[in-house]
Structure formats: C-alpha cells, structure tokens
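If you want the building blocks of each chain, they are given just below.
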Protein chains: 2
Amino acid sequence: MLSKANIKYIRSLQQKKYRQRYDKFIVEGTKIISEILQYPNIDIEYMIASSSWLQKYSHLYPHIPIIESNEKIMKELSSFNTPSDVLVVIPTLSPSLDENIIQNDISLFLDGIQDPGNLGTILRIADWFGIQHVFLGEGTVDLYNPKVIQSSMGAFLRVHCFHYSIENLAEQFPNIPIMGADLQGDNIFELSPEKKKGIIVIGNEGNGISNETRKYIHQRINIPAHGKAESLNAAVATGIICAIFRN
Amino acid sequence: MLSKANIKYIRSLQQKKYRQRYDKFIVEGTKIISEILQYPNIDIEYMIASSSWLQKYSHLYPHIPIIESNEKIMKELSSFNTPSDVLVVIPTLSPSLDENIIQNDISLFLDGIQDPGNLGTILRIADWFGIQHVFLGEGTVDLYNPKVIQSSMGAFLRVHCFHYSIENLAEQFPNIPIMGADLQGDNIFELSPEKKKGIIVIGNEGNGISNETRKYIHQRINIPAHGKAESLNAAVATGIICAIFRN
C-alpha cells in the first residue's frame, strides 16, 4: 500500500519542478508501460495498478512488485481526466549523443515548441522516420510533461532528446547544414538528394523560428502552399519535411 | 446587454444537440472573427465582446452591433478555460458540392476522426493544399465543436465540408478512385502523377479505416516507415499524403 508520503511524492511529479528535482517522471497506460518493461535498463521505481488491471495483467509480470491501489488514489496520481489503470515512476532518460548520426543523417531542432501534444506528435514522427536525435531548444515544453509522453505513443523511449541551444549546436558541428522552414525558402520538392541532410529547425507554433535562431540557418526551405491557409500546424509541417527528406 | 435567456441560448450552443437544433454555432477570438467579417454572406446573429476589446477594436466595425459584456459572462459563454475577449454566433454553413472538383481534384473522406484538434488540423491542411471538399464520415467529431473551429484557424470558412457515407459517395461517383492509407499499400512516393487524384480516406485515430469503408477502397497507399513507431498521427499522415499528392 502507498503511504501518504508516497502519494505526495508521486503526485509532485506532475510538476516539472519536482520531475527535475528527483529526476523521475510518471508514465500511464497499459500499452506504453508494456513497452517500457521491454527495456531492461529502465529501473521501475514504482508500478501501481488498480485491482481490475492486476487481475487481467499481473501474471505477465511475475518479477515486478506492483502496488495495488483503489480508484480514488489512481485518480489522484494521474494527470488525466480519465486516469489509467496502471502507472509507473521511472528515471528521466540520459541518452548519449552520436556525432556520426549528426554528421550523416537528419536531426531535428525544436525552436520553442510549446504545445505538449505537438512535441509528442513530433517525437512520434521522428520515430516513424527513424530520426534518432531531437534537440529541444529553449522555450520547448518539458519532455516529461504527461501529455508529451502520452501523445508520443512510446517514441520517447527510442528517439534521443537533448537540451541544446542552436548556438552550441552550430559551434559543435560547424559543417552541418542547418535548415529552417520559411515561406521564402526553396521548394522542398526541388531539393537535390545531397541537400536532404543536416539539422531541420522547427519553429514555435505562433511565432515561427526566432530571430536569434534564424542567424544560424544556412538553407531556407518551404512547403509550397496551394490554398489560402496562413500556415501549417508545426507537427504537420515536421511530418511533411521528414517524409520528403527520407524519400 | 444580454438577457438571461440570451445567455442560456448562447451557452446551449456549446453542445452539439443545440447547435443542430438552432443551426448556429459560436466562434471565439479576434483573428478568426476578423476573417468571418470579411464574408458578407455570413449573418452575424450575436457579436459579444469585453469592454477592453471594444476599446481596441470597435472602431473597425462601425456597422456591426456589438454587445458589451463583463468578464464573468464572457467566461460563461466561452468553451475554453481561457475565454476570448470576443465571440460571435453565426449560422452553420451549407456549402454546395462541386462535382467537377470531385472528378478532377483531390478530396478527403474522414472515416471517424474523433479528436477535435485532429479534425481542425486536417481542415487547415486541406486549406493549405487547396483541397476544397472534405467529407465527414460517420463517427467523425462535429465540425462546429469549438475545438475544431479553433484548431482549424479559419479553414472551416474556406474548405467545404459535407456529411456523407462512403457508400453514397461511391455510388454517386462510381468512376472516382478511392484511396486509403494501409501499411501493405503502395509507396506514395512511387505513385505516377495520374494516380494522384480522387478521394483519400483517412482512418480513425485508434482503429484506422473501418471494415465497412475498406470495401470501397480501390487503391491502398502507404507512407513508408524508416523507424519503429507503429503509426503516425492521423492529421500528420493526412498532411504528408496531401503534400505528396499536390507535388
């Protein structure tokens, strides 16, 4: 059973401040937790489930201590209006940067993506297209925000995310082309194959790429419009650019 | 000033049942309302704003009666946690179907898109790529849901949406190819240009294209995966398919 102190600690992880203090975060939901449990190097600090969940699934996890909790507590621990039947508390991830990937493949730099659903969706896109490194620039929503984790559908386990400024990235990798979406940019459908690598900058939902970041862009690229909309959603634009760059 | 009955009526439009009963819906926000006011054929039933909004913007609209309301009422009328300073009540739209467009261009059929943010984002994609007809199949969220309207960023004004079953569509347009995304489908990057027209079916977020709808699909298409994600977000997949079909 969970003590009051346990509950207070786990609930605190709904806030970024405490996730950073303890280097832990919460993941909810059967499907995504079943994926986590396939990574033996991830230490499960807590696994908590309702009695109905335990009846259905506990036989699958004989080696994991699972704490049974009632609905009221599950609701307190959950960040969602409809709490899941199961959640885990795990350490934040510390992926390592692979310079070879940055030199020879596509990476993403997110220049202040604020909506958690968009960040999660972008990680899912990266995962789909096998993009292994995503750099989270200043102003980007916390990776461990419950809505990011949920909308990433497990992609946060496979895509390596790093907190980086564009300045540091440009300094550390001076020969890597940095590209940014821009209405005045080159048509992405007309880029030659050798242009389709480097770091793709995705701008903030409302303001696009910041002036500070813009200074580091070598190549401006554009998804041609055929109608009257002013812009595309940031995650949709990311999806289109990644699809074109990968094919 | 708004009477209690006025407030009760407008609030009722937060629910689909009453939107359908009165054929009216609410739109919130300065930017999107400024777009609506550019369409002279849209009758504004109510326009309601806070005093601070009126101070800033009322000089732009000398011919429109705008009702001033306090914060408390604006909050009651709004569907959002952060209510806008201005809202309008307008009639639901009745676009007309253009057979020529269906015969010669791309249209979308949404096979039960449930998330309002996804539907709004898909309309924004259609608007960007100049796709004029979107068919809302059974199980698709209500077009006039406030979150759909908000996330469409004004696209609902330009993209014509119709309630249609795939059966009726296939009957009425027997010669139009109907395409559906499918992991076993043909690579969309390898389709010949003449294959890139017709009706594109977008499946439900969790379950994909229904078995019923599947019977009407002539051509299965696939966005090739390069990583390990199981699927792409429905709106992102729509964006990628539309981008490829338009270029």
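Look a little higher up for the structure.
Residues numbered from 1 in each chain as written. Chains lettered and ligands numbered in written order. Predicted model: local features only at pLDDT ≥ 70, side-chain atom pairs only at ≥ 80, totals over all residues. Heavy atoms only, no water.

Caption draft 1: View of the overall build of chain A. The secondary structure content of chain A amounts to eleven helices and ten strands. In terms of overall dimensions, chain A has a C-alpha envelope of 60 × 40 × 30 Å along the principal axes. When each of the 247 residues of chain A is scored for burial, the buried share is 55%. Summarising the internal contacts of chain A: among those between residues at least 6 apart in sequence, 77% fall at separations of at least 24. With an accessible surface of roughly 11900 Å², chain A has 47% of that area assigned to carbon and sulfur atoms. Distance from the positive charge centre (23 side chains) to the negative charge centre (26 side chains) of chain A: 6 Å. (Helix = DSSP H or I, 4+ residues; strand = E, 2+ residues; numbered from the N terminus. Buried < 20%, exposed > 50% of the residue type's maximum accessible area, 1.4 Å probe, protein only. Contact = heavy atoms within 4.5 Å. Areas by Shrake-Rupley, 256 points an atom, 1.4 Å probe, with all protein chains shown as cover. Lys, Arg positive; Asp, Glu negative; His and termini not counted. Charge placed at Lys NZ, Arg CZ, Asp CG, Glu CD.)

Caption draft 2: A look at the relation of the copies chain A and chain B. Of the two same-sequence chains, chain A is brought onto chain B (RMSD 0.0 Å, axial shift 0.0 Å) by a rotation of 180 degrees. Read as a symmetry element, the transformation amounts to a two-fold axis. Residue by residue, 100% of the interface of chain A is reproduced at the interface of chain B, so both copies engage with the same surface. (Least-squares fit on C-alpha atoms with pLDDT ≥ 70 in both.)

Caption draft 3: Fine view of the interface of chain A and chain B. In this complex, chain A contributes 30 residues to the contact, which on the side of chain B involves 30 residues. Of the roughly 2800 Å² buried where chain A meets chain B, counting both sides, 66% is carbon and sulfur surface. Among the residues chain A hides against chain B, the three largest losses belong to A:R124, A:W128 and A:H226. Together they make up 27% of the total. Seen at the junction of chain A and chain B, the total is two salt bridges. Taking the shortest distance from any N to any O, the salt bridge between B:K31 and A:E230 comes out at 2.9 Å. Our count for the chain A to chain B interface comes out at 16 residue pairs in polar contact (both at pLDDT 80 or more). Every element with two or more residues in the side of chain A that touches chain B is listed here: α7 (116-128) and α11 (234-246) of chain A. The element that contributes the greatest number of residues to the side of chain A that touches chain B is α11(A), accounting for seven residues. Its residues assigned to classes, the side of chain A that touches chain B shows 15 nonpolar, eight polar and seven charged. (Buried area = accessible area lost by both parts, 1.4 Å probe. Salt bridge = Lys/Arg side-chain N within 4 Å of Asp/Glu carboxyl O. Polar contact = N/O pair within 3.5 Å; in protein donor to acceptor, adjacent residues only side chain to side chain. Nonpolar A, V, L, I, M, F, W, Y, C, P; charged D, E, K, R; others polar.)

Caption draft 4: Just the pairing of strand β1 (residues 24-28) of chain B, in detail. Residue and element names in this part refer to chain B. Counting buried residues in β1 gives five out of five residues, a clear majority hidden from the surface. Neither face of β1 is open: one carries K24, I26 and E28, the other F25 and V27, and all of them are buried. Bridge analysis of β1 against strand β4 (residues 86-91) gives five bridges, and the strand direction is antiparallel. Following the sheet pairing, V27 is matched in β4 by V88. (Pairing = 2+ DSSP bridges.)

Caption draft 5: Structural detail: the pairing of strand β7 (residues 160-163) of chain B. All names here are of chain B. Pairing between strand β6 (residues 133-136) and β7: four bridges, direction parallel. Paired with V134 across the two strands is C161, which belongs to β7. With helix α8 (residues 146-152) bridging β6 and the parallel β7, this β-α-β connection has right-handed handedness. (Right-handed = clockwise from strand over helix to strand, strands pointing away.)

Caption draft 6: Structural view of the packing of aromatic side chains. All names here are of chain A. On inspection of all chains with the given rule, the structure shows 18 aromatic pairs over all chains. Between Y18 and Y22 the ring centres are 6.4 Å apart and the planes differ by 20 degrees, which places this aromatic pair in the stacked class. Of this pair, Y18 and Y22 both sit in helix α2 (residues 16-22), four residues apart, roughly one helical turn. For Y22, a relative accessible area of 35% gives the class partly exposed. Ring plane angle 75 degrees and centroid distance 5.2 Å describe the contact between F135 and Y164, whose orientation is recorded as edge-to-face. With F135 in strand β6 (residues 133-136) and Y164 in the loop between β7 (160-163) and α9 (166-172), this residue pair connects regions lying 29 residues apart in the sequence. For the residue pair F135 and Y164, the accessibility class agrees, reading buried in each case. Clustering of aromatic rings is evident, with ring pairs tying together Y9, Y18, Y22 and Y46. (Phe/Tyr/Trp six-rings, centres within 6.5 Å; stacked < 30°, edge-to-face > 60°.)

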